[in-house]
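The primary structure of each chain is shown beneath.
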Amino acid sequence: WIDGLTKVNKVGEEIIDSRSTWKLETNKGILWVDTFYGIPLKIESGGKTYKFEQISVNAVTDADVMPSS
């Protein structure tokens, strides 16, 4: 979704699920981005709303990415 953004304007700040976000108006719709991680938490585009609720950050362990012997 982020591919193809040509215009972004910060129009406010909001709290979503206890996370601080920047509300951004873009050429593709409205985007709420977590201010700490930079992860999109919500998108409104084309009359639809998408909310990302099961986000995991820094939860990957070495065992998750190390090849097995």
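Structure: above.
Nothing here was measured: the structure is a model prediction, and the numbers come from that model. (Residues numbered from 1 in each chain as written. Predicted model: local features only at pLDDT ≥ 70, side-chain atom pairs only at ≥ 80, totals over all residues. Heavy atoms only, no water.)

Quick look at the overall build of the protein
Looking only at helices and strands, one finds one helix and five strands in the protein. In sequence order, the secondary structure elements of the protein are arranged as β-β-β-β-β-α. Judged by the C-alpha coordinates and their principal axes, the protein covers about 50 × 30 × 20 Å. Evaluated residue by residue, the protein yields a buried proportion of 19% over its 69 residues. (Helix = DSSP H or I, 4+ residues; strand = E, 2+ residues; numbered from the N terminus. Buried < 20%, exposed > 50% of the residue type's maximum accessible area, 1.4 Å probe, protein only.)

Re the pairing of strand β2 (residues 19-26)
Summarising the sheet, strand β1 (residues 8-16) and β2 pair through eight bridges and their orientation is antiparallel. What sits directly across from I16, in β2, is R19. Two successive antiparallel strands, β1 and β2, enclose a turn made up of two residues, where D17 displays a positive phi of approximately 50°. Relative to strand β3 (residues 29-34), β2 is paired through six bridges, and the arrangement is antiparallel. The residue of β3 that forms the bridge with W22 is V33. In this antiparallel pair of consecutive strands, β2 and β3, the connection spans two residues. (Pairing = 2+ DSSP bridges.)

Concerning the packing of aromatic side chains
As enumerated under the stated definition, the model contains one aromatic pair in all. The ring centre of W32 lies 4.5 Å from the NZ or CZ of K42, which sits over that ring. (Phe/Tyr/Trp six-rings, centres within 6.5 Å; stacked < 30°, edge-to-face > 60°. Lys NZ or Arg CZ within 6 Å of the ring centre and 35° of its normal.)

Examining the pattern of salt bridges
For the structure shown, the criterion picks out five salt bridges. Residue E13 pairs with K10 through a salt bridge whose shortest N-O separation is 2.7 Å. Assessed through its relative accessible area of 40%, K10 is described here as partly exposed. With a shortest N-O distance of 3.6 Å, K23 and E14 are connected by a salt bridge. (Salt bridge = Lys/Arg side-chain N within 4 Å of Asp/Glu carboxyl O.)

Some remarks on the sheet that holds β1
Across the sheet, which stays open at both edges, the five strands sit in the order β1-β2-β3-β4-β5 with antiparallel pairing between neighbours. Strand pairing shows two members of the sheet lacking a second neighbour, β1 and β5 (48-51), which therefore form its edges. Across the sheet, the axes of successive neighbouring strands diverge by a mean angle of 15°, strand direction being ignored. Summarising the sheet, β3 and strand β4 (residues 40-45) pair through four bridges and their orientation is antiparallel. From the neighbouring strand, V33 faces β4, where its bridge partner is P40. (Axes fitted to C-alpha atoms, helices over the stretch in contact; angles between N-to-C directions.)

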